[in-house]
Amino acid sequence: MISLATGKNAERLLMNTPGRWLRPTLAALFVSLAWCAATAAYPTPKEADWIVRDFQFHTGEVLPALRLHYTTIGDPSGEPVLVLHGTNGSGATMLTPAFAGELFGAGQALDATKYFIILPDALGAGNSAKPSDGLHAKFPHYNYDDMVLAQYRLLTEALGVHHLRLVIGNSMGGMETWLWGVTWPAFMDALVPMASQPTEMSARNWMTRRILIETIRQDPAWNNGDYTVPPPSLRLANVFFGIATSGGTLGYQSIAPTREKADKLVDARLAAPPPLDANDFIWQFDASRDYNPSPGLERIQANVLAINSADDERNPPQTGLMDQAMKRIRNGRLLLIPASAETRGHGTTGMARFWQQQLADFLNTVPRRAM
């Protein structure tokens, strides 16, 4: 008999996973079982692959065939909604009870009987093309602009979608959401970027990413990307980054109030499988290096509901950067979730119960623009 985690139990299970990232196969199994138990109210997800021909990266490099994997929920006749995952994730990792289970069911904010939900695996992640497919360290060093371009081509060329009701993304997906708004301003009615800022990648957010990358690159076992077994540093770097940049001060205090409980949490994360491939891991984090939608914020035409948490370690509100950026957006508002023992810092927005009602209210006010 299999015992499934739902609700707060599912949140605790995800919190006890190293860096909140699972092996793709384990993640797919978990979300598939959890979907059956907790979110059967929405249509069965469908997965597919599409090959992008002659994809040109921002570096000028061209791959003649680039595979993109994606998941859809609902009928294609519904209003299209693009949902974008975080670093090291995939479309499947968004199908948790805490996220999809709170959003895609009948009567919920993104009711999949009314909307056509599209969840792509980003370039370099999930089952889309990535270094571990064969090119290893010779795989082009893509950036977020390349990832968003690949998503655009998937929508327009493969799915025939030329206008979106909504683009919503979390963490890396939130940053991609900002890029969607400045790159194709008329393509969507609404933008909901979460756990992100429309500002240059910098400060602690980039510094911790840089250390994460250097920890692996300076491991002799990495061997310039030509390794046969995962470098030992991969596990340590992953666990350290996850603890340092996601979880929330009050959140960690609530689940690890003693040294013994803190050790138990660390031990559990160190004991879990590391990310599958070091090159994939490095490329995914390095892709954020030149992220900066700030110069184009005035181009955004869509209505914007930005959602951040007050205890987000990577995007601390104390800098004032978010407030300054929001003043430049014509139809924008910020929802800042207060820190508490129930929030999880950068991971808070992965739990839709904190913001699902505000999303529903927001969409009810957003006009439908002509394609």
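Predicted, not measured: the structure shown is a model, and the values here were computed from it.

### Remarks on the pairing of strand E6 (residues 188-194)
Counted residue by residue, E6 has seven buried out of seven residues, so it is predominantly covered. Where strand E5 (residues 164-170) lies against E6, six bridges are found, and the strand directions are parallel. Across the sheet, the residue bridging to Ile168 is Val192, located in E6. The sheet contact formed by E6 and strand E7 (residues 303-309) spans three bridges and is parallel. Its bridge partner being in E7, Ala190 is matched across the sheet by Asn303.

### A short note on the nonpolar core
In terms of nonpolar packing, the biggest core is built from 63 residues, with Leu66, Trp178 and Trp180 touching the most fellow members. Listed in part, the 34 residues of the second largest apolar core include Ala109, Ile307, Ala352 and Leu359.

### Observations regarding a nonpolar patch on the surface
A cluster of nonpolar side chains, contributed by Leu236, Val266 and Leu270, occupies part of the molecular surface with about 220 Å² of accessible area. Looking at the secondary structure, you find Leu236 in helix H7 (residues 233-245). Owing to a relative accessible area of 53%, Leu236 belongs among the exposed residues under this scheme.

### A short note on the packing of aromatic side chains
Considering all chains together, one arrives at 14 aromatic pairs under this definition. When the ring of Phe99 is compared with that of Phe104, the centres are 6.5 Å apart and the planes differ by 90 degrees; the resulting orientation is edge-to-face. The two residues Phe99 and Phe104 agree in class, both being buried. Relative to Phe187, the ring of Trp180 has its centre 5.4 Å away and its plane inclined at 50 degrees; by these criteria the two rings are tilted. Given the relative accessible area of 0%, Trp180 is considered buried. Through successive ring pairs, a cluster of aromatic residues spans Tyr42, Phe99, Phe104 and Trp355.

Reading guide: rules and limits
- Residues numbered from 1 in each chain as written.
- Predicted model: local features only at pLDDT ≥ 70, side-chain atom pairs only at ≥ 80, totals over all residues.
- Heavy atoms only, no water.
- Buried < 20%, exposed > 50% of the residue type's maximum accessible area, 1.4 Å probe, protein only.
- Helix = DSSP H or I, 4+ residues; strand = E, 2+ residues; numbered from the N terminus.
- Pairing = 2+ DSSP bridges.
- Core = buried A, V, L, I, M, F, W, Y, C linked by side-chain atoms within 4.5 Å.
- Patch = residues over 30% accessible without salt bridge, like charges linked within 9 Å, V, L, I, M, F, W, Y side chains within 5 Å.
- Areas by Shrake-Rupley, 256 points an atom, 1.4 Å probe, with all protein chains shown as cover.
- Salt bridge = Lys/Arg side-chain N within 4 Å of Asp/Glu carboxyl O.
- Phe/Tyr/Trp six-rings, centres within 6.5 Å; stacked < 30°, edge-to-face > 60°.

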